Amino acid sequence: MEKIALPTAGLVVVDDNKLLLGYSRNKKAWYLLGGKVDQGENSLEALLREIAEETNLRLSPDSLQFYCHISAPAYGENTHIVMEQDCFFYKLEEEIQASSEIDEIRFFDFDTYQKEPIQVPGVVLLYQRLIADGYLH
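Residues numbered from 1 in each chain as written. Predicted model: local features only at pLDDT ≥ 70, side-chain atom pairs only at ≥ 80, totals over all residues. Heavy atoms only, no water.

Named according to an unreviewed UniProt entry, the protein chain is NUDIX domain-containing protein originating from Sphingobacterium tabacisoli. Taken from UniProt, the Cofactor (unreviewed entry) comment for the protein chain reads in full: "Mg(2+)". (UniProt positions renumbered as here; feature names shortened; annotations may be inferred.)

So this is what it looks like as structure tokens:
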């Protein structure tokens, strides 16, 4: 079966050797905050919209810095769907809280995340990239 790309955008917030993740009520797993890129949007526009929906934060495009692109099997989707995610760094200084389809928001170090019942492939790849690049250890 032919692979289908699922364009997404993710918010990368690193603090105290931990990565900020949100718990998806629909998928029952911890993910990067962000989500799917809608028709007519670029990844930055999608991220701004998704973060507003998931946390009620209105981010400025100038506050986000492109970090990397991750390709991984899309967790919870058909096996031929590949998540294509643009990841953007953000320095969180405000209080953040979950809303919409997100139940909870928490920081995880990689060891703690690996003990979760479900590890999302794209999140694991991002942890590995952040470690390789010296942002986490």
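Text resumes after the structure shown.
A. The arrangement of the pattern of salt bridges in detail. Evaluation of the coordinates by the stated rule reveals 7 salt bridges. Here Arg25 makes a salt bridge to Asp103, at a shortest N to O gap of 2.6 Å. One end of the pair, Arg25, is in the loop between β3 (18-24) and β4 (29-31); the other, Asp103, is in strand β8 (residues 102-108), and 78 residues separate them in sequence. Arg25 gets classed as partly exposed once you look at its relative accessible area, which sits at 37%. Put simply, Arg106 and Glu104 hold a salt bridge, and the shortest N to O gap is 3.3 Å. Taking the relative accessible area as the measure of exposure, Arg106 reaches 33% and is therefore partly exposed. (Salt bridge = Lys/Arg side-chain N within 4 Å of Asp/Glu carboxyl O. Helix = DSSP H or I, 4+ residues; strand = E, 2+ residues; numbered from the N terminus. Buried < 20%, exposed > 50% of the residue type's maximum accessible area, 1.4 Å probe, protein only.)

B. Molecular detail of the UniProt feature "domain: Nudix hydrolase" (unreviewed entry) in the protein chain. Per the UniProt record, "domain: Nudix hydrolase" (unreviewed entry) is found at residues 3-130. Annotated as 22% helix and 41% strand, the span residues 3-130 places its first and last C-alpha atoms 26 Å apart.

C. Main features of helix α1 (residues 43-55). Look at α1: 18 Å from first C-alpha to last across 13 residues, which is about the 18 Å you get at 1.5 Å a residue. Every buried residue of α1 is accounted for by Ser43, Ala46, Leu47, Leu48, Glu50, Ile51, Ala52, Glu54 and Thr55. Buried-residue contacts for α1 involve β1 (4-12), β5 (33-36), β6 (64-73), β7 (81-90) and β8. N-capping of α1 is provided by Asn42, with a side-chain oxygen placed 3.0 Å from the backbone N of Leu44. Asn56 sits one or two residues past α1 and shows a positive phi near 65°. (Expected span 1.5 Å × (residues − 1). Contact = heavy atoms within 4.5 Å. Polar contact = N/O pair within 3.5 Å; in protein donor to acceptor, adjacent residues only side chain to side chain.)

D. Summary view of the nonpolar core. Counting residues in each nonpolar core, the largest one holds 25 residues, and the members touching the most others are Val12, Leu19, Leu21, Tyr113, Leu126, Tyr127 and Leu130. Of all the elements in the fold, those that place two or more residues in this core are β3, β4, β6, β7, α2 (110-114) and α3 (121-132). Beyond its immediate sequence surroundings of up to four residues, Tyr127 is in contact with Leu19, Leu21, Phe108, Asp109, Phe110, Tyr113 and Leu136. One finds Val13, Leu59, Phe88 and Ile96 within the second-largest nonpolar core, a separate group that totals 16 residues. (Core = buried A, V, L, I, M, F, W, Y, C linked by side-chain atoms within 4.5 Å.)

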